[in-house]
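A closer look at the structure
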Amino acid sequence: LAGTFECAADQIPLCSDGWFGVLGNAPTDPSFQKRRDNILVNTRTTEEFLGKGEVFDFLRAYNLTVQDALQISQHLPAWGEFSALEGGFQ
């Protein structure tokens, strides 16, 4: 489940009910001040999540200012790594 939750993972009610926030409490906006987005994985039913995920810091990757980055998006791209095989077997 991916979305804009506008809070840290530990404040998302699902995370206290068997769900895991892939991005944790990492800031997900170009100014690195707000925790907007996350990818939630149900740990009881999903074995495909490989334990890796983060935001892509395109500011540093492309040497942009915060103002330049905000003109592109108010969100940093987020990713999680999953197995393509059912059950997570490789």
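I will try to describe carefully the structure that is included in this document. Only a predicted model underlies this, so the values are computations on that prediction, with no experimental measurement involved.

**Re the overall build of the protein**
- The helix and strand tally for the protein stands at two helices and five strands.
- Counting only C-alpha atoms and orienting by the principal axes, one finds that the protein spans roughly 40 × 30 × 15 Å.
- Residues classed as buried in the protein amount to 31% of the 90 residues present.
- A separation of at least 24 residues holds for 61% of the contacts in the protein among residues at least 6 apart in sequence.
- Carbon and sulfur atoms make up 52% of the accessible area of the protein, which amounts to about 5,800 Å² in all.

**Re the pairing of strand β3 (residues 37–42)**
- Of all six residues that make up β3, six are buried, and the element is covered over most of its length.
- With burial as the criterion, each face of β3 is covered, one bearing Asp37, Ile39 and Val41 and the other bearing Asn38, Leu40 and Asn42.
- When strand β2 (residues 19–21) meets β3, the two strands line up antiparallel, connected through three bridges. Looking at β3, one finds that Trp19 is bridged to Asn42.

**Concerning the side chain of Asn38**
- Following the sequence through the fold, Asn38 ends up in strand β3.
- Here the side chain of Asn38 touches Leu23 through a polar contact of 2.9 Å, landing on its backbone nitrogen.
- Setting aside residues up to four positions removed in sequence, Asn38 forms contacts with Leu1, Ala2, Gly3, Phe5, Ala9, Ile12, Gly21, Val22, Leu23 and Gly24.

**Observations concerning the sheet that holds β3**
- Pairing within the open sheet is antiparallel, and its three strands lie in the order β1-β3-β2. Every other strand in the sheet has two partners, leaving β1 (2–4) and β2 as the edge strands with one partner each. Strand-to-strand twist in this sheet, taken as the mean axis angle between neighbours without regard to direction, amounts to 35°.

**Regarding the packing of aromatic side chains**
- All chains considered together, the criterion is met by three aromatic pairs.
- Consider the rings of Phe20 and Phe49, whose centres lie 5.8 Å apart with planes at 45°: the pair is tilted. In this pair, Phe20 is assigned in strand β2 and Phe49 in strand β4 (residues 49–55), connecting sequence segments 29 residues apart.
- By relative accessible area, which is 17% here, Phe49 ends up buried.
- With 5.3 Å between their ring centres and 55° between their planes, Phe49 and Phe82 make a pair best called tilted. Of this pair, Phe49 sits in strand β4 while Phe82 sits in strand β5 (residues 78–82), and the two are 33 residues apart along the sequence.
- Chaining the aromatic ring pairs together yields one cluster made of Phe20, Phe49 and Phe82.

What counts as what
- Residues numbered from 1 in each chain as written.
- Predicted model: local features only at pLDDT ≥ 70, side-chain atom pairs only at ≥ 80, totals over all residues.
- Heavy atoms only, no water.
- Helix = DSSP H or I, 4+ residues; strand = E, 2+ residues; numbered from the N terminus.
- Buried < 20%, exposed > 50% of the residue type's maximum accessible area, 1.4 Å probe, protein only.
- Contact = heavy atoms within 4.5 Å.
- Areas by Shrake-Rupley, 256 points an atom, 1.4 Å probe, with all protein chains shown as cover.
- Pairing = 2+ DSSP bridges.
- Polar contact = N/O pair within 3.5 Å; in protein donor to acceptor, adjacent residues only side chain to side chain.
- Axes fitted to C-alpha atoms, helices over the stretch in contact; angles between N-to-C directions.
- Phe/Tyr/Trp six-rings, centres within 6.5 Å; stacked < 30°, edge-to-face > 60°.

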